[in-house]
Amino acid sequence: MKIIFLIFCSFLSSVSPDPQSYNAIFSFGDSLADTGNFLLSGALAFPVIGKLPYGETFFKHATGRCSNGRLIVDFFAEAYGLPLLPPYLALKNGVKAENGVNFAIAGATAMAAEYFYSKNITILWTNISLTNQVGWFQEVKSNICATRKDCRVYFRKSLFIVGEIGGNDYNYPYFVGGSIKQLKALVPAVVETIIEATSVLIDEGAVELIVPGNLPIGCSALYLTLFGTTNKAAYDNNGCLKAYNAFSKYHNSQLKLSLEKLREEYPHAKIIYADYYGAAKRLFHAPKHHGFSNTLVACCGGGGPYNFNNSARCGHIGSKACLDSSKFANWDGIHLTEAAYHHIAKGLLNGPFTSPPLTFSPIKQI
């Protein structure tokens, strides 16, 4: 009887173990990851994200996300059985932070806002930079774990997602006439700022961090509209602007090189590069394979070849949203749709676009 009991217990432990997963996610970045901070900040630069059609697909109401539905970070939370991350600014309203916090805010730059103002670039949506977001984390940390030991135990199973960030450091100068040559000279400073922030987080106790690269901006409806040309040689076979995609790849290559050095400095930490470029580019390379009928034209906009019209942007008078956003990769000309973010998230969680792979496999299918 005792033998049977032992065998039965052994069987139970082998078929129903507690799944290994992350206990929390801490997210940093810009509008690709913001789940409400920009809206809660009361910023006036982009108020339309506070009303439909933003949020129409999944939430059925606007949440402050710059999309029609969920973002990459939302799919990560779902994959690991965690609640969707509360924005940092919601903590003031009594929202709990035990499963993580989202510090990302739309319009954020990696470098300090003062740098851009010193160059007479004054079109920033927000003055909050990546460094400010790390400061927010340091404030919250004291409420999550009381002692150094407690923090070490807690963060051992926490995932830090440091970005995407840096895209706006290039967007703002590009939009006021900066050249690719001028912007390439800015890349080392942007990458260095991302690396410094990642270092601070490791020093604060983070042991597993994802640092994403930039998306293929040459496939963005906004860039295609602003920098389009009659020169057919400027476009690749997918209709994207080659020079701007090459710029994104240059930023990503420099970031990967710097991450290699950071791994040598912090051998105890798992520092993962997330290839947002590769995960997204396949949607433009083979749209029908991924269920899209259109990847370059924005779902929501006010007309034009790519349905991006700066005087009638999504949510403004003169714009309208497409009937089936699941067939579109681009949401409003700047940001992607929930469907596109879903494909990217799956590529990161299950596919070849995180290097090295995440420690824990998803416990839920997304």
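Under the annotation held in an unreviewed UniProt entry, the chain carries the name Gdsl esteraselipase and is attributed to Nicotiana attenuata. Taken verbatim from the UniProt record of the chain, the Sequence similarities (unreviewed entry) comment is "Belongs to the 'GDSL' lipolytic enzyme family."

Enquirer: Residue-level account of helix α5 (residues 130-144), with values.
Expert: For α5, with 15 residues, the first-to-last C-alpha span of 21 Å sits near the 21 Å given by 1.5 Å per residue. Looking at the buried residues of α5, the elements they touch are β1 (24-28), β2 (100-102), α6 (148-155), β3 (158-162) and α9 (187-203).

Enquirer: Let's hear about the sheet that holds β1: which residues, and what values?
Expert: The six strands are arranged β2-β1-β3-β4-β5-β10 in an open sheet whose pairing can be described as mixed. Each having just a single partner strand, β2 and β10 (354-355) make up the two edges of the open sheet. Relative to strand β4 (residues 208-212), α9 is tilted by about 165°, and along the sheet it contacts β1, β3, β4 and β5 (270-274).

Enquirer: Can you break down α6 residue by residue, with the values?
Expert: By the burial criterion, the buried members of α6 are C151, Y154 and F155. Looking straight down α6, one finds its buried side chains confined to an arc of 85°; they lie on one side.

Enquirer: I'd like to hear about unusual backbone geometry, residue by residue, with values.
Expert: Residues L52 and P53 are joined by a peptide bond in cis, for which omega reads 15°. By secondary structure assignment, the location of P53 is in the loop between α2 (37-40) and α3 (72-79). Of note, the amide linkage connecting S355 to P356 takes the cis form, showing an omega dihedral of -5°. Tracing the backbone through its elements, the reader meets P356 in the segment after β10. Backbone geometry places N120, a non-glycine residue, at a positive phi of 60°. Tracing the backbone through its elements, the reader meets N120 in the loop between α4 (113-118) and α5.

Enquirer: Any chance you could break down the confidence of the model for the chain for me, citing the residues and the numbers?
Expert: Low pLDDT marks regions whose predicted coordinates should not be analysed in detail. When the pLDDT values of the chain are averaged, the result is 93; 94% of them are 70 or greater. The low-confidence segment residues 1-18 (pLDDT under 50) makes zero contacts with residues lying over four places distant or belonging to another chain.

Enquirer: Can you explain the pattern of salt bridges? Please cite residues and give values.
Expert: Taken as a whole and assessed by the stated rule, the structure comprises six salt bridges. Here R70 and E338 are joined by a salt bridge, their closest N and O atoms 3.1 Å apart. Linking R70 in the loop between α2 and α3 with E338 in helix α13 (residues 338-349), this pair joins segments that are 268 residues apart in sequence. Each of the two residues, R70 as well as E338, counts as buried. Notably, a salt bridge pairs K141 with E204, separated by 2.7 Å at the nearest N-O pair. Separated by 63 residues along the polypeptide, K141 in helix α5 and E204 in the loop between α9 and β4 bring together distant segments of the chain. Overlapping salt bridges, with partners in common, bring together R70, E78 and E338 in one network.

Enquirer: I'd love a proper account of the state of the cysteines, names of residues and values included.
Expert: The full count for this structure, using the stated rule, is four disulfides. Of note for the chain: the bonded cysteines, numbered N- to C-terminal, pair according to 1-2, 3-4, 5-8, 6-7. In this structure C66 is a free cysteine whose sulfur lies 10 Å from that of C314, the closest cysteine sulfur available.

Enquirer: How would you explain the pairing of β1 if you had to name every residue and give the values?
Expert: Of all five residues making up β1, five are buried, and the element is well covered by its neighbours. In β1, alternate side chains face the same way, and those of A24, F26 and F28 on one face and I25 and S27 on the other are all buried. Relative to β3, β1 runs parallel, the two being bridged by five bridges. Considered in β3, the bridge of A24 is made with S158. As paired elements, β1 and β2 share three bridges and run parallel to each other. Directly across from I25, in β2, lies its bridge partner G100.

Enquirer: Requested: an account of the nonpolar core, with residues and values cited.
Expert: If you look at the biggest cluster of nonpolar residues, it comprises 83 residues, and the most contacted ones within it are F26, F28, F103, F160 and L201. Here this core takes eight residues from α9, the largest share from any one element. Of all hydrophobic cores here, the second largest spans 36 residues; its members include L71, A77, L348 and F353.

Enquirer: Residue-level account of the packing of helix α12 (residues 276-285) against α13, with values.
Expert: Helix packing geometry: the angle between the two helix axes and the distance between the axes. At a minimum axis separation of 9 Å, α12 and α13 run at an interaxial angle of 130°. Considering the angle they form, α12 stands oblique to α13. Between α12 and α13 lies a crossing whose hand is right-handed. Contacts between α12 and α13 involve Y276, A279, A280, R282 and L283 on the former and, on the latter, A340, H343, I344, G347 and L348. Per-class residue counts for the contact of α12 with α13 are seven nonpolar, two polar and one charged.

Conventions used here
- Residues numbered from 1 in each chain as written.
- Predicted model: local features only at pLDDT ≥ 70, side-chain atom pairs only at ≥ 80, totals over all residues.
- Heavy atoms only, no water.
- UniProt positions renumbered as here; feature names shortened; annotations may be inferred.
- Helix = DSSP H or I, 4+ residues; strand = E, 2+ residues; numbered from the N terminus.
- Expected span 1.5 Å × (residues − 1).
- Contact = heavy atoms within 4.5 Å.
- Pairing = 2+ DSSP bridges.
- Axes fitted to C-alpha atoms, helices over the stretch in contact; angles between N-to-C directions.
- Buried < 20%, exposed > 50% of the residue type's maximum accessible area, 1.4 Å probe, protein only.
- Arc of directions from axis to C-beta.
- pLDDT = per-residue confidence, 0-100.
- Salt bridge = Lys/Arg side-chain N within 4 Å of Asp/Glu carboxyl O.
- Disulfide = S-S within 2.5 Å.
- Core = buried A, V, L, I, M, F, W, Y, C linked by side-chain atoms within 4.5 Å.
- Parallel < 35°, antiparallel > 145°, perpendicular 65-115°, else oblique.
- Left-handed = near helix turned anticlockwise from the far one by under 90°.
- Nonpolar A, V, L, I, M, F, W, Y, C, P; charged D, E, K, R; others polar.

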